[in-house]
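Structural characterization, general
Now for the letters of each chain:
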Amino acid sequence: MNGFEPHNTPGLPPGSFPSEPVHFAGSIQPFGILFVLSNPELVVLQVSANTEDYFGVSPENLLGQSIGVLLDEVAIATIQQGVKQASRYSKAALHLWRGTQCFNSTVYATATVIILEVEPAHAQPHLNALQLQTQVNQTIAQLRRLPDLAEFLQAAAVEIRVLTGFDRVMIYRFDAQGAGAVIAEAKREDLAPYLELHYPATDIPEPVRELYRRGLLRYIPDLNTRPIALIPAENPVTQQPTDLQRAILRSVDPCCVEYHQNMDVAAILVAALNQGETLWGLISCHHQTPKTISYEMRESCELLAQLIASELANKVNTEELNYLTKLRSLQSDFLQSISQANDLKQALINPAPRLLDLVNAEGVAVCLEDEITLVGTTPTLEQVRALLQWAEIQLPRFNAPLFHTDSLPKLYAAAEPFKDSASGVLLLQISQVRRYTIIWFRQEVLQTVNWAGDPNAALNVAENGSITLSPRKSFERWQEVVRFTSLPWKTCELENAIDLRSAIVGVVLKKADELAKVNRELENSIRELDSFAYAASHDLKEPLRGIHNYSNLLLKGYSDILDESGKARLRTLTRLTRRMESLIDALLKFSRLGQTELYLQPTDLNSILHQVIEELRLSRPDLQTEFRIPRPLPTFHCDSILIQEVLMNLVSNAVKYNDKPHQWVEIGFIEADRTQKIINKTLFSPSPHPLTSSFPHPLIFYVRDNGIGIRDRHLNSVFRLFKRLHEQHLYGGGTGAGLTIAKKIIERHGGQIWIESCYGEDSTFYFTLN
């Protein structure tokens, strides 16, 4: 469309471009003369074959001669000064005089030679230099007043058409793949519109785009003229074709000629719109008949293109800055709430829109370990889990915590069923160790792309499989529906996601530091409390024993003096001191657990269990309870004395709290293959417990009975110290410390203990050991 100049190269794979350098051309256009001069002598090494038309001297008579045979000393000095300027500014524009004839000239140096282009200066028929400068200045001032980008580009196309008189002026924008679209157009009313039409990357191959990126202005006043050859064809110094990549006069490839003839175009002027080192787009001017414009007009158009590119960058940057400012504001508020929250997950998802707005997404999945929370429009939970597994394999390839695509089904075939909710995906891995991941989703956006003709028509596939590029013959509107694609992720959105990761990591680390400090303080407090409890309970026993003994002495020595009320009160005091002593003994035992070291050794749990049952039978001769042991217990690495205490507390409680005519207690364990079933059952039961679905223990031990059971509201309190659910005289009394001691022993072994119960029917205590 705009300067298509590939050289057909067989064997290109689809999507490739010709590798032959398009700037190595052996001819020029006839509206000027090109000299290849030695540096610094200015001896003519090559010259175009049309010198006689302009200077009345044949090219053969110029070869090997100094350019001074054509130009005077002033002109020579001007060229030499221009070469110096070109070393700083890439090329220099000159006015050279030969007698009364003025030539507009461009000079620049390559690595080996000097290129001098000259063309006769023709006055613009309807516009002199002063008028041209005035009109350009007015155009620039008018364009700068337009803040809206689309309006600015459309006005630029209109003003350039007014300035140059071309039939059609278009502004063409490239995408990331090199394809492009017409985003602004000014034209003759009778011409078919090209506005919003798309053109494949093959229309302007990569080598041509690279020339434009370097600032090339392409001017072809007549596509139908025959090119003028360089004499000789090769540079006598390098023995190769001369590099004409910066030459305005460089001739036109036949493929480019045919391409534009198919569009009914006879003359073109194309200027690059660059943003930094990136080719953003082109200003492309078409005319249906040959059209000559002055050198000054071309220079003005090139200057205008540079100013448009500058203003374009400002307007694009302003739009992006406004959007980025909005994102930063959202992020600032969001991070402030996260830093003050106690629950990271709740802070991330509540209120829901905040996390979505950070990257302009329709849905998000917050994945913290194995817990996944879905917000907005997302795939199902199982689909997200599968996507996570796939992404964990893909992320190492990118060597970054961020993965994004606007067409997930093209990369991950399993995503096609949920394309409506997740054609676009932005995955942010916050932590690999903790498996913290956030996945944003964008819905599919069906796009109807209007191509200027079939984009595949530019590729010719030969019988041997080789592929060549050729000019397309049709530019009729050709529609293509693009599927499985969302709106693309903007750079500022990706940067916002990375910043969010850094902030969350900072918040988590700060919370971890605070928690570690609290834990250290708590450990110190627990040690001090254990020490105090041990000392206090030990020291309290002596005065308590004195109270007990003096009460008994009073009962024996003064029974004749005391009445029945006094004796009853002393007996109550004696009973209370015995209970107080039992409580102190329990407290002493509990505090000692936190101070003594565990003596871990392989322990036969069957032996311990039989000792517990035997002691119960000896202490309760009337015991009728049936003890069920489905299979032998394993040998386990533990502190045998403390685990015996656990089994004694659990089994004795099972015997004690049972009012059934036929009483039984079952003691057993569950292996790893059944552990998950127990976990799933308890996870969804009303009983509170500390388990999660990623439970690490291979065995779960249990003590089950058919006793009185426990109400749901009491399940949280049964492990509290000195907590009894019944009056003191019921079910054999007790201090209420047995389960508390059992829990502490289990936790010191790195395990957990919890309960399931059906009131009036049964109770089961589960525990694990590490």
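Here we summarise the structure given alongside this text. (Residues numbered from 1 in each chain as written. Predicted model: local features only at pLDDT ≥ 70, side-chain atom pairs only at ≥ 80, totals over all residues. Heavy atoms only, no water.)

1. Observations regarding helix H5 (residues 206-213)
Of the residues making up H5, those classed as buried are Val208, Arg209, Glu210, Leu211 and Tyr212. If you follow the buried residues of H5, they end up packed against strand S7 (168-174), strand S10 (217-220), strand S12 (267-275) and strand S13 (278-287). One or two residues past the end of H5 sits glycine 215, with phi positive at roughly 100°. (Buried < 20%, exposed > 50% of the residue type's maximum accessible area, 1.4 Å probe, protein only. Helix = DSSP H or I, 4+ residues; strand = E, 2+ residues; numbered from the N terminus. Contact = heavy atoms within 4.5 Å.)

2. Observations concerning the sheet that holds strand S3 (residues 44-48)
Within the open sheet, the seven strands sit side by side as S1-S11-S3-S2-S6-S5-S4. Their pairing is antiparallel. Each edge of the open sheet carries a strand with a single partner, namely strand S1 (27-28) and strand S4 (92-98). Where strand S5 (residues 101-109) lies against strand S6 (residues 113-120), seven bridges are found, and the strand directions are antiparallel. Residue pairing in the sheet places alanine 109 in a bridge with isoleucine 114 of S6. (Pairing = 2+ DSSP bridges.)

3. Notes on the pattern of salt bridges
Inspection of the entire model under this criterion finds 16 salt bridges. Residues arginine 209 and glutamate 206 are paired through a salt bridge, measuring 2.8 Å at the closest nitrogen-oxygen approach. You can see arginine 209 and its partner glutamate 206 sitting in helix H5, three residues apart, about one turn around the helix. Judged by its relative accessible area of 10%, arginine 209 is buried. Residues arginine 213 and glutamate 277 are paired through a salt bridge, measuring 3.1 Å at the closest nitrogen-oxygen approach. Taken as a pair, arginine 213 in helix H5 and glutamate 277 in the loop between S12 and S13 lie far apart in primary sequence, 64 residues in all. On the basis of relative accessibility, which here comes to 63%, the residue glutamate 277 falls in the exposed class. One network of salt bridges, in which partners are shared, links Glu210, Arg213, Arg214 and Glu277. (Salt bridge = Lys/Arg side-chain N within 4 Å of Asp/Glu carboxyl O.)

4. Description of the nonpolar core
Leu34, Phe35, Ile67, Ile79, Ile171, Ile283 and Ile308 are the most contacted members of the largest nonpolar core, which has 72 residues in total. In terms of residue count, the dominant contributor to this core is helix H4 (residues 149-164) (eight residues). Once residues lying within four places of it in the same chain are set aside, the contact partners of isoleucine 67 are Phe35, Leu37, Leu42, Val44 and Ile76. Leu642, Leu715, Ile753 and Ile755 belong to the second largest nonpolar core, which has 40 residues in total. (Core = buried A, V, L, I, M, F, W, Y, C linked by side-chain atoms within 4.5 Å.)

5. Details of the sheet that holds strand S29 (residues 762-767)
What holds strands together in a sheet is hydrogen bonding between their backbones, with the strands either parallel or antiparallel. Here we have five strands laid out as an open sheet, ordered S24-S26-S27-S29-S28, and mixed in their pairing. Of all strands in the sheet, those with a lone pairing partner are strand S24 (626-628) and strand S28 (753-758), marking the two edges. Between one strand axis and the next, the sheet turns through 15° on average, direction left out of account. As judged from the six bridges shared by S28 and S29, these two strands associate in the antiparallel manner. Across the sheet, the residue bridging to tryptophan 754 is tyrosine 766, located in S29. (Axes fitted to C-alpha atoms, helices over the stretch in contact; angles between N-to-C directions.)

In short, the description is geometric, and any link to function would need to be established separately.
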